Amino acid sequence: MKTLVLGGYGNFGARISRALATDDAIELLVGGRDLERATAFVQSLADGARAVRVDAQSQDFARGLRELGVELVIHTAGPFQNQDYRVPRAVAAAGAHYIDLADGRRFVCDFPAALDGVFRGAGRTAVTGASTVPALSSAVVDQLAAGWQGIRGIDICIAPAQGAPRGEATLAGVLAYCGAPIRVWQQGRWTEQPGWARPSPVRFARMRPRRGALCDIPDLELFPARHPGVQSVMFRAAFEVGLTQQAFAFLAALRRIGLLPAPQKLARLLHATGGLFDAFGSALGGMVVRVEGIDARGAAAHRAWHIAADDNHGPEIPCMAAILLARRLARGDALPMGAQACMGLLALREFEPEFARWGMVTDVVDDGARAA
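Now for a quick tour of the structure. (Residues numbered from 1 in each chain as written. Predicted model: local features only at pLDDT ≥ 70, side-chain atom pairs only at ≥ 80, totals over all residues. Heavy atoms only, no water.)

Moving on: the environment of Gly-173. For Gly-173, the location among the structural elements is in helix H7 (residues 168-175). Given a relative accessible area of 5%, Gly-173 falls into the buried group. For Gly-173 and Ala-267, which are 94 residues apart along the polypeptide, the C-alpha to C-alpha distance reads 8.7 Å. (Helix = DSSP H or I, 4+ residues; strand = E, 2+ residues; numbered from the N terminus. Buried < 20%, exposed > 50% of the residue type's maximum accessible area, 1.4 Å probe, protein only.)

Below is the structure:
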């Protein structure tokens, strides 16, 4: 299957490209606007990968895809928070499948309604959010609550390693909602809370506790719809260096009082200076998903899934769902036609060989331990 990775030499795109370059069922194209960077990167890959210059925002993008004979596009060029659907529409027009790593709430949540008819008409599959959220997070929740009568609460926290590579686009996406009001499902109703503003303690199985703060991601909206009866859904991120977490809380406060209306404009500066704190952190990152509800016997149940990723391998996790789906399509396995968020397409067991490949360790805890 001829597969184009948009942004294929970037922070996440490069990881996906490296994984797919070794697959005999995939003919890999590494694409972006900088042909020189793409070419230099391709030289480090397996024979057969090819660098191409593509501008996904151009009027001729769909025609270019057809001329290249692209069958699948994997879109990694974020941030997705302010993107429209120009790219997936062009992919559908070119008659190709589409997968992205989007974590922008509106981009992912509105994706099926906006694009399902377009991709059904093309007879192709489009999957958004093939990343840590909601692909992996939903797979974990489904596994933890398998057989339960109902879910009452979901609490997730991502904890990146300080030393892990950081992308400027990812940072810009995070800053976009720093201090902004975020709709959160709490105690069975919608409330608003400021992003990154109120860090609270979170415990992990194989890492020291950190303080995590609210992030605006698709799960906050998708999970209440996916799990009827859930009363609370929370998603936080916890930096390893406390000073960094405090800095984000300070930026959130500035935005709330009107002194910093667009924190995302600081992305380049913060990306350039972030390495100054690496000496105070480590190469260990992870994630925890906590679920509470009513089990098959009608008793109260609390389960938690933890993953620890050492050696700065944490950024591999957001790439895994797209890699797994691309390999499935390349083998000829059918995915649901039309456009959908990446929930229910991958089971947690499908991720486990990828976790093992990078030396990641997972734990399932049934003792009811919760975030403070």
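For the rest of this paragraph, the subject is the sheet that holds strand S13 (residues 285-294). With mixed pairing, seven strands are arranged side by side in an open sheet as S10-S11-S12-S7-S13-S14-S16. Of all strands in the sheet, those bounded by a partner on one side alone are strand S10 (200-202) and strand S16 (361-365). On average, each strand axis in the sheet is tilted by 25 degrees relative to the strand beside it, whichever way the strands run. Direction of pairing for S10 relative to strand S11 (residues 210-214): antiparallel, over a ladder of three bridges. Residue pairing across strands places Ser-200 opposite Gly-212, the latter belonging to S11. (Pairing = 2+ DSSP bridges. Axes fitted to C-alpha atoms, helices over the stretch in contact; angles between N-to-C directions.)

A word on the pairing of strand S3 (residues 50-53). Sheet topology places strand S2 (residues 27-32) next to S3; four bridges connect them, and they run parallel. Within S3, the residue paired with Gly-31 across the bridge is Val-52. Crossover connection from S2 via helix H2 (residues 35-42) to parallel S3: handedness right-handed. (Right-handed = clockwise from strand over helix to strand, strands pointing away.)

Taken together, the seven strands give an open sheet; going across it, the order is S3-S2-S1-S4-S5-S6-S15, and neighbouring strands pair in parallel fashion. Two strands in the sheet have a free side with no partner beyond their single neighbour: S3 and strand S15 (338-341). Shown here is a sheet whose adjacent strand axes are inclined to one another by a mean of 20 degrees, direction ignored. Pairing geometry for strand S5 (residues 97-100) and strand S6 (residues 125-128), over two bridges, is parallel. Residue pairing across strands places Ile-99 opposite Val-127, the latter belonging to S6. Taken strand by strand, H2 contacts S2 and S3, and its axis lies near 175 degrees from that of S3. (Contact = heavy atoms within 4.5 Å.)

Our next topic: the environment of Phe-223. Structurally, Phe-223 is set in helix H8 (residues 219-226). Separated by 65 residues in the primary sequence, Phe-223 and Ile-158 place their C-alpha atoms 17 Å from one another. Setting aside its immediate chain neighbours within four residues, Phe-223 contacts Ser-137, Ser-138, Val-141, Ile-154, Ile-156, Val-230, Val-233 and Met-343.

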